[in-house]
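# Structural overview for review
As a plain string of letters, each chain reads:
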Amino acid sequence: MAESITLPKNTSKIEVYKSLIPQIEAVIEPENYLIANLANISAILKEAFYFFWVGFYLVDENQLVLGPFQGPLACTRIELGKGVCGSSWQKKQTLIVPDVEKFPGHIACSALSKSEIVVPAINQNNQVVFVLDVDSEHFNNFNNEDQNGLEQIVSIIVKKHF
Ligand code: SME
């Protein structure tokens, strides 16, 4: 397994995602343990984009439970429909929140978080199996480039593990 990733310098977010996707595939290819792969993917995303918080919440019966992440301490359990993560899970849709304070029911794990994107991972039975949550210290930090890039990363994980 590669011990480091190569990031293109002075380039657009799209180019960074484009470069990361095959590298993420290569990193998870030899490893069959989901949590190990989620841990490395959160580290890769943190290193690539300096996100404030990036990590996974896994579906555990009727709640989401905190999985591998990079960033400050986070809440461990989220109910279906609650916060951005629980809403993304319920709606089975990626949610981009430009200003978290304007999102009804947003769960503030840190007062420093200003904007957020949550991507649900949906298996072949149309069930959400986990969500990828990314938080930024800046307002309006996420757009459809992040949505496309992060959705591709999530679908690579689903293809391998679910
Ligand atoms: N803000 C999220 C909770 C998780 S933390 O941001 C890490 C939410 O509203 O679901």
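## Here's the deal with the overall build of the chain
- Along the chain, the regular secondary structure elements total four helices and six strands.
- Scanning the chain from its N terminus toward the C terminus, one meets helices and strands in the order α-α-β-β-β-α-β-β-β-α.
- In terms of C-alpha radius of gyration, the chain reaches 15 Å, essentially the compact-globule figure of 15 Å for 162 residues.
- Principal-axis analysis of the C-alpha atoms gives the chain an extent of 40 × 35 × 25 Å.
- The buried share among the 162 residues of the chain stands at 48%.
- In the chain, the proportion of contacts linking residues at least 24 apart, taken out of those at least 6 apart, comes to 53%.
- In the form shown here, the chain has an accessible surface area of approximately 8,500 Å², with 49% of it arising from carbon and sulfur atoms.
- One way to put it: in the chain the 12 positive side-chain charges average out to a point 4 Å from where the 18 negative ones average out.

## Looking at the packing of aromatic side chains
- Applying the stated criterion across every chain, the model contains seven aromatic pairs.
- Taking 5.7 Å as the distance between ring centres and 50° as the angle between the ring planes, the aromatic pair formed by phenylalanine 51 and phenylalanine 142 counts as tilted. Placement of phenylalanine 51 in the loop between helix H2 (34-49) and strand E1 (53-60) and of phenylalanine 142 in the loop between strand E6 (128-136) and helix H4 (144-161) is noted, with a sequence separation of 91 residues between them. Both residues of the pair, phenylalanine 51 and phenylalanine 142, count as buried.
- Ring geometry for tryptophan 53 and phenylalanine 69: centres 5.2 Å apart, planes at 20°, overall stacked. With a gap of 16 residues between them, tryptophan 53 in strand E1 and phenylalanine 69 in strand E2 (residues 63-70) connect regions that are remote in the sequence.
- Cluster of aromatic residues (ring-pair linked, three or more members): Tyr17, Phe49, Phe51 and Phe142.

Calculation rules
- Residues numbered from 1 in each chain as written.
- Predicted model: local features only at pLDDT ≥ 70, side-chain atom pairs only at ≥ 80, totals over all residues.
- Heavy atoms only, no water.
- Helix = DSSP H or I, 4+ residues; strand = E, 2+ residues; numbered from the N terminus.
- Rg over C-alpha atoms; globule rule 2.2 N^0.38 Å.
- Buried < 20%, exposed > 50% of the residue type's maximum accessible area, 1.4 Å probe, protein only.
- Contact = heavy atoms within 4.5 Å.
- Areas by Shrake-Rupley, 256 points an atom, 1.4 Å probe, with all protein chains shown as cover.
- Lys, Arg positive; Asp, Glu negative; His and termini not counted.
- Charge placed at Lys NZ, Arg CZ, Asp CG, Glu CD.
- Phe/Tyr/Trp six-rings, centres within 6.5 Å; stacked < 30°, edge-to-face > 60°.

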